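An overview of the molecular structure
Okay, here's what each chain looks like letter by letter:
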Amino acid sequence: ARLGETSRRDVEAFRTTSKVPIDFFGDSIAGAVGWAGNDAQPTAREQRDCDSALAFAFTAERMDEIASRPYWRLKRCIDIVASLALIALLWPVALLVALLVAWDVGLPVIFMQRRPGLAGRPFSLYKFRTMSSARDRHGNPRSDPERLSRIGQLLRATRLDELPQLWNILVGEMSFIGPRPLLPLDQSPAF
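Structure report, in brief. (Residues numbered from 1 in each chain as written. Predicted model: local features only at pLDDT ≥ 70, side-chain atom pairs only at ≥ 80, totals over all residues. Heavy atoms only, no water.)

This part is about the overall build of the chain. When you go through the chain residue by residue, the secondary structure sums to eight helices and two strands. What you see in the chain, going N to C, is helices and strands ordered as α-α-α-α-α-β-β-α-α-α. Of all 191 residues assigned to the chain, the portion counted as buried reaches 26%. Partitioning the contacts of the chain with sequence separation of at least 6, the portion at a separation of at least 24 is 53%. Element-wise, carbon and sulfur atoms account for 62% of the exposed surface of the chain, whose accessible area totals about 13,300 Å². (Helix = DSSP H or I, 4+ residues; strand = E, 2+ residues; numbered from the N terminus. Buried < 20%, exposed > 50% of the residue type's maximum accessible area, 1.4 Å probe, protein only. Contact = heavy atoms within 4.5 Å. Areas by Shrake-Rupley, 256 points an atom, 1.4 Å probe, with all protein chains shown as cover.)

Okay, structure coming up:
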């Protein structure tokens with residue numbers, strides 16, 4: 001919707017003369033919220049609906065409708081099969097990492113954090129702990145570099161701290177392919 005008239009006309013001309021498939025994300029969202037057509041200008045209400053859609057504020061019914069499409073069903077099947085296979089294959093590594101974390105950082109070995117997920121719904125993201133307590137034994141606050149353990153540095157560098165996220169993928173809270181669930185403070189205010 002924000003692409004200039006000349007630029008959009010040039011892209012349309014390229015699309016008609018090229019074999020490269022081009023789709024406009026805005027038009028896809030417009031179709032999802034019920035705009036009249038690609039060339040129709042949205043009304044104020046439709047624009048608000050589109051902005052809400054861009055902010056992942058679809059209704060539960062709309063999310064179910066989207067999830068029932070063949071692409072999303074196939075994607076979900078791939079997530080389930082791949083996460084199960086990786087969990088079965090990597091459980092010894094995960095067990096070793098858990099023992100190292102318990103020895104180096106202490107218990108609990110799993111760190112949980114609330115993140116915004118699909119349609120903005122919060123979920124608990126799991127990771128192996130890489131940092132010790134936020135306060136020392138005298139109650140003084142410690143900086144993040146002080147809290148990061150040597151094992152934690154290795155786990156972060158090799159991404160082994162993210163092995164528990166295979167569970168998040170298996171239960172459908174995350175996907176192998178898609179946006180990374182950032183902390184709410186790292187999200188754009190528009191989303």
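Bringing the packing of aromatic side chains into the picture now. Pairs of aromatic rings are described using the distance from one ring centre to the other and the angle between the two planes. Summed over the entire model, instances satisfying the criterion amount to one aromatic pair. Judged by centre distance (4.8 Å) and plane angle (80 degrees), the ring pair of Tyr-71 and Trp-72 falls under edge-to-face. (Phe/Tyr/Trp six-rings, centres within 6.5 Å; stacked < 30°, edge-to-face > 60°.)

Turning our eyes to something else, we now look at unusual backbone geometry. Going from Leu-107 to Pro-108, the amide bond is cis rather than trans, its omega being -10 degrees. Turning to its location among the elements, Pro-108 is positioned in the loop between helix 5 (70-104) and strand 1 (110-116). Unusually for a residue other than glycine, Arg-159 sits at a positive phi of about 65 degrees. Considering the arrangement of structural elements, one finds Arg-159 in the loop between helix 7 (150-158) and helix 8 (165-170).

Moving on: the pattern of salt bridges. Inspection of every chain in the model, using the stated rule, returns one salt bridge. Where Lys-127 meets Glu-162, a salt bridge forms, and the shortest distance between an N and an O atom there is 3.9 Å. You can see Lys-127 sitting in strand 2 (residues 122-128) and its partner Glu-162 sitting in the loop between helix 7 and helix 8, a full 35 residues away along the chain. The exposure classification of Lys-127 matches that of Glu-162, with both residues buried. (Salt bridge = Lys/Arg side-chain N within 4 Å of Asp/Glu carboxyl O.)

Bringing the packing of helix 5 against helix 7 into the picture now. Close contact between helix 5 and helix 7 brings their axes to 9 Å; oriented N to C, the two are set at 150 degrees. Here helix 5 is positioned roughly antiparallel relative to helix 7, judged by the angle of their axes. Taking contact as the criterion, the partners of Val-97, Leu-100, Val-101 and Asp-104 in helix 5 are, on helix 7, Arg-150, Ile-151, Gly-152 and Leu-155. (Axes fitted to C-alpha atoms, helices over the stretch in contact; angles between N-to-C directions. Parallel < 35°, antiparallel > 145°, perpendicular 65-115°, else oblique.)

Here we take up a nonpolar patch on the surface. On the surface, Ile-80, Val-81 and Leu-84 cluster together to form a nonpolar patch covering roughly 250 Å² of accessible area. By secondary structure assignment, the location of Ile-80 is in helix 5. Ile-80 sits in the partly exposed class, given a relative accessible area of 31%. (Patch = residues over 30% accessible without salt bridge, like charges linked within 9 Å, V, L, I, M, F, W, Y side chains within 5 Å.)

It is worth spelling out the environment of Ile-110 at this point. Tracing the backbone through its elements, the reader meets Ile-110 in strand 1. Look at Ile-110 and you get partly exposed, because its relative accessible area is 34%. Residues Ile-110 and Lys-127, 17 residues apart in the sequence, show an inter-C-alpha distance of 5.6 Å. Among all residues touching Ile-110, those that are not within four sequence positions of it are Tyr-126, Lys-127, Phe-128, Arg-129 and Pro-164.

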